[in-house]
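So you can see what is in the structure, the chains are spelled out below.
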Amino acid sequence: STPSPLRIRRHTFAPFRIPSRSKSLASGFQLLYAPDELKAHGVSAQDWVRFLQDLAITARMSADGLNVMSTSPPSPRLSGWLRGRAGSVYDAAFGKSQFDEVASLINVWNQSAFERRKLRISLHVKTVMDGRGLEGYELLVEAL
């Protein structure tokens, strides 16, 4: 609901990255706020912290099998019946990964808040040098 600045210059800063706190998305991202870059685009420190907190919450809930992006919770009666019949195999077929859940939430934030402020955030996997292992994740913050 924070109003956008009337005039935002395009490509006002070079893209920067914010690393995850660990190899797990559920740990969240480092609470880095670039005031010169983000404030000029109408993103307050409070809004930015909320965004980063929402990402961590989404990842933790996804790890517990909950879909944050769903508009309605699953029916307990139906879930119990399916679990009794098909077990976790059925549930896994419809579940999204933590990465997909977090990327979906970032997309919502991009569409509702960041793009109109000429920003885009994307989620990337960081691999170790040889490309064989997961080092963590990072957010790429770009000015449009």
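Please refer to the structure placed before this passage.
Okay, so let's go over this structure. (Residues numbered from 1 in each chain as written. Predicted model: local features only at pLDDT ≥ 70, side-chain atom pairs only at ≥ 80, totals over all residues. Heavy atoms only, no water.)

## Topic: the environment of Ile 106
(1) Moving on: Summarising the element assignment, Ile 106 is placed in helix α5 (residues 98–114).
(2) Moving on: Judged by its relative accessible area of 3%, Ile 106 is buried.
(3) Moving on: C-alpha separation for the pair Ile 106 and Leu 139, spaced 33 residues apart in sequence, amounts to 9.7 Å. (Helix = DSSP H or I, 4+ residues; strand = E, 2+ residues; numbered from the N terminus. Buried < 20%, exposed > 50% of the residue type's maximum accessible area, 1.4 Å probe, protein only.)

## What to know about the nonpolar core
(1) Moving on: By size, the foremost hydrophobic cluster in this structure holds 27 residues, and its most contacted members are Phe 29, Trp 48, Phe 51, Leu 55, Phe 114 and Leu 139.
(2) Moving on: Mapped by element, the contributors of at least two residues to this core are β1 (16–19), α2 (45–63), α5, β2 (119–127) and β3 (134–143).
(3) Moving on: Of the residues forming this core, the biggest block, six residues, is contributed by α5.
(4) Moving on: In contact with Leu 55, other than residues within four places in its own chain, are Phe 29, Val 102, Leu 105, Ile 106 and Leu 139. (Core = buried A, V, L, I, M, F, W, Y, C linked by side-chain atoms within 4.5 Å. Contact = heavy atoms within 4.5 Å.)

## A few points about the pattern of salt bridges
(1) Moving on: Counted by the stated rule, this structure contains three salt bridges.
(2) Moving on: Here Glu 138 ties to Arg 17 by a salt bridge, and the two come within 2.7 Å at their closest N and O atoms. Of this pair, Glu 138 sits in strand β3 while Arg 17 sits in strand β1, placing them 121 residues apart in sequence.
(3) Moving on: Under the relative-accessibility criterion, Arg 17 is labelled partly exposed at 47%.
(4) Moving on: Here Glu 135 ties to Lys 126 by a salt bridge, and the two come within 3.6 Å at their closest N and O atoms. (Salt bridge = Lys/Arg side-chain N within 4 Å of Asp/Glu carboxyl O.)

## Some remarks on the packing of α2 against α5
(1) Moving on: Axis separation between α2 and α5 bottoms out at 8 Å; the angle between their running directions is 150°. Judged by the inter-axis angle, α2 sits roughly antiparallel to α5. The interaxial crossing formed by α2 with α5 has right-handed handedness. Of the residues in α5, those touching α2 at Asp 47, Trp 48, Arg 50, Phe 51, Asp 54, Leu 55, Thr 58, Ala 59, Ser 62 and Ala 63 are Gln 98, Glu 101, Val 102, Leu 105, Ile 106, Trp 109 and Phe 114.
(2) Moving on: When the residues that make up the contact of α2 with α5 are grouped by side-chain class, the tally is ten nonpolar, three polar and four charged. (Axes fitted to C-alpha atoms, helices over the stretch in contact; angles between N-to-C directions. Parallel < 35°, antiparallel > 145°, perpendicular 65-115°, else oblique. Left-handed = near helix turned anticlockwise from the far one by under 90°. Nonpolar A, V, L, I, M, F, W, Y, C, P; charged D, E, K, R; others polar.)

## Details of α2
Given 3.6 residues to a turn, an α-helix orients residues that are three or four positions apart in the same direction.
(1) Moving on: Here α2 spans 27 Å end to end across 19 residues, near enough to the 27 Å set by a 1.5 Å rise per residue.
(2) Moving on: Those residues of α2 not exposed but buried are Trp 48, Phe 51, Leu 52, Asp 54, Leu 55, Ala 56, Thr 58, Ala 59 and Ser 62.
(3) Moving on: Contact partners of the buried residues in α2: β1, α1 (35–39), α5, β2 and β3.
(4) Moving on: Once α2 finishes, Gly 65 follows within two positions and takes phi at roughly 85°, a positive value. (Expected span 1.5 Å × (residues − 1).)

## A short note on the packing of aromatic side chains
(1) Moving on: Across all of its chains, the model carries seven aromatic pairs by this definition.
(2) Moving on: Aromatic side chains Phe 51 and Phe 114 sit 5.1 Å apart centroid to centroid with 90° between the ring planes, which places their arrangement in the edge-to-face category. Here the residue Phe 51 occupies a position in helix α2, and Phe 114 occupies one in helix α5, the gap between them amounting to 63 residues.
(3) Moving on: Between the aromatic rings of Phe 99 and Tyr 137, the centroid separation amounts to 6.2 Å while the plane-to-plane angle is 35°, which identifies the pairing as tilted. Remark: Tyr 137 occurs in strand β3 and Phe 99 occurs in helix α5; sequence separation between them is 38 residues.
(4) Moving on: Using a relative accessible area of 13% as the deciding quantity, one classes Tyr 137 as buried.
(5) Moving on: Connected via pairs of aromatic rings, a cluster forms that spans Trp 48, Phe 51, Trp 109 and Phe 114. (Phe/Tyr/Trp six-rings, centres within 6.5 Å; stacked < 30°, edge-to-face > 60°.)

Geometric descriptors of this kind do not, in isolation, establish any biological role.
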